[in-house]
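Examination of the molecular architecture
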Amino acid sequence: LWSLGVEEQFYFVFPLFLVFLLKTGRGMTFIILTAVFLVGCLQSSWQLSEDPNSAFFLAHNRIFQFAAGAAIVFVPAVNVSRRVARNIYYCALATTVAISIFLFDENSLLPGWRGGLIALLACVLIYFGGLPSLQVSVLKHPYYSRTGKR
């Protein structure tokens, strides 16, 4: 039930918020989404110390993650080589894996600042992972090919 509630916020409420924001212009929309991310991450971190269940389950404590994902659309394209983009992508991927191993355990509370960090890394992966050949090369790796045949 909780998952459906979050999805409802994402698919119905948040797009209305974005439509309203777009009336302010692309640049201002990016600034507002960035502010929502920063303030929301701080608010979520505070909420974790007050009531961890509310911080995890209530949608207003997750809005900063939606804002991070939406802000990617408004980030200007960077002119870097495929090699640089691939290096950034793999560094972000390795960082995400390392954080998952060393920063999270059974006592870690989410979302808070940890959720914000993972959201930012996910944004980097999405932004620089848009290279079609990158996903294809990763998915063609023998490990994934063998895994799919089992």
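Below is a summary of the structure that appears in this document. (Residues numbered from 1 in each chain as written. Predicted model: local features only at pLDDT ≥ 70, side-chain atom pairs only at ≥ 80, totals over all residues. Heavy atoms only, no water.)

1. A closer look at the overall build of the chain
A count of helical and extended segments in the chain gives 8 helices and 0 strands. Overall, the chain shows an N-to-C arrangement of helices and strands of α-α-α-α-α-α-α-α. Buried positions account for 29% of the 150 residues belonging to the chain. For the chain, the exposed surface amounts to about 9900 Å²; the carbon and sulfur share of it is 69%. (Helix = DSSP H or I, 4+ residues; strand = E, 2+ residues; numbered from the N terminus. Buried < 20%, exposed > 50% of the residue type's maximum accessible area, 1.4 Å probe, protein only. Areas by Shrake-Rupley, 256 points an atom, 1.4 Å probe, with all protein chains shown as cover.)

2. Notes on the packing of helix H4 (residues 63–71) against helix H6 (residues 112–128)
Relative orientation of the contacting elements H4 and H6 amounts to 15°, with a least axis distance of 9 Å. In terms of axis orientation, H4 runs roughly parallel to H6. In terms of crossing hand, the pair formed by H4 and H6 is right-handed. Across the interface between the two elements, Phe64, Gln65, Ala68 and Gly69 of H4 pack against Gly112, Gly115, Gly116, Ala119 and Cys123 of H6. For the contact of H4 with H6, the class distribution of residues is 4 nonpolar, 5 polar and no charged. (Axes fitted to C-alpha atoms, helices over the stretch in contact; angles between N-to-C directions. Parallel < 35°, antiparallel > 145°, perpendicular 65-115°, else oblique. Left-handed = near helix turned anticlockwise from the far one by under 90°. Contact = heavy atoms within 4.5 Å. Nonpolar A, V, L, I, M, F, W, Y, C, P; charged D, E, K, R; others polar.)

3. So, helix H2 (residues 26–50)
With 25 residues, H2 extends 35 Å from end C-alpha to end C-alpha; this agrees with the ideal 36 Å at 1.5 Å per step. Buried within H2 are the following residues: Thr29, Leu33, Val36, Phe37, Gly40, Cys41, Ser44, Gln47 and Leu48. (Expected span 1.5 Å × (residues − 1).)

4. A short note on the nonpolar core
Of all hydrophobic cores here, the largest spans 16 residues; its most connected members are Phe14, Leu33, Phe37, Ala67 and Ala68. Where this core is concerned, the elements lending two or more residues are helix H1 (2–22), H2, H4 and H6. The contacts of Ala68, once residues within four sequence positions are left out, are Phe37, Ala119 and Cys123. In this structure, Ile99, Leu121, Leu125 and Phe128 belong to the second largest nonpolar core, which totals 7 residues. (Core = buried A, V, L, I, M, F, W, Y, C linked by side-chain atoms within 4.5 Å.)

5. Some points on a nonpolar patch on the surface
Together, Tyr90, Leu93, Val97, Ile101 and Phe102 give the surface a local cluster of nonpolar side chains, amounting to about 510 Å² of exposed area. Note that Tyr90 resides in helix H5 (residues 82–102). (Patch = residues over 30% accessible without salt bridge, like charges linked within 9 Å, V, L, I, M, F, W, Y side chains within 5 Å. Salt bridge = Lys/Arg side-chain N within 4 Å of Asp/Glu carboxyl O.)

6. Comments concerning the side chain of Gln47
In this structure, Gln47 sits in helix H2. Leave out the neighbours within four places in its chain, and Gln47 touches Pro52, Ser54, Ala55 and Asn61.

7. With respect to the packing of aromatic side chains
Evaluation of the coordinates by the stated rule reveals 6 aromatic pairs. An aromatic cluster is built from Phe14, Phe17 and Phe66, whose rings are joined through pairwise contacts. It is Arg62 that lies over the ring of Phe56; its NZ or CZ is 4.6 Å from the centre. (Phe/Tyr/Trp six-rings, centres within 6.5 Å; stacked < 30°, edge-to-face > 60°. Lys NZ or Arg CZ within 6 Å of the ring centre and 35° of its normal.)

8. Structural notes on the environment of Pro111
With respect to the element layout, Pro111 can be found in the loop between H5 and H6. For the pair formed by Pro111 and Phe57, sequence separation is 54 residues and the distance between their alpha carbons is 9.5 Å.

9. Some points on the packing of H2 against H6
Axis separation between H2 and H6 bottoms out at 7 Å; the angle between their running directions is 145°. On the side of H2, the interface is formed by Phe37, Cys41, Ser44, Ser45 and Leu48, while H6 contributes Gly112, Trp113, Gly116, Ala119 and Leu120. Partitioned by chemical class, the residues of the contact of H2 with H6 number 6 nonpolar, 4 polar and no charged.

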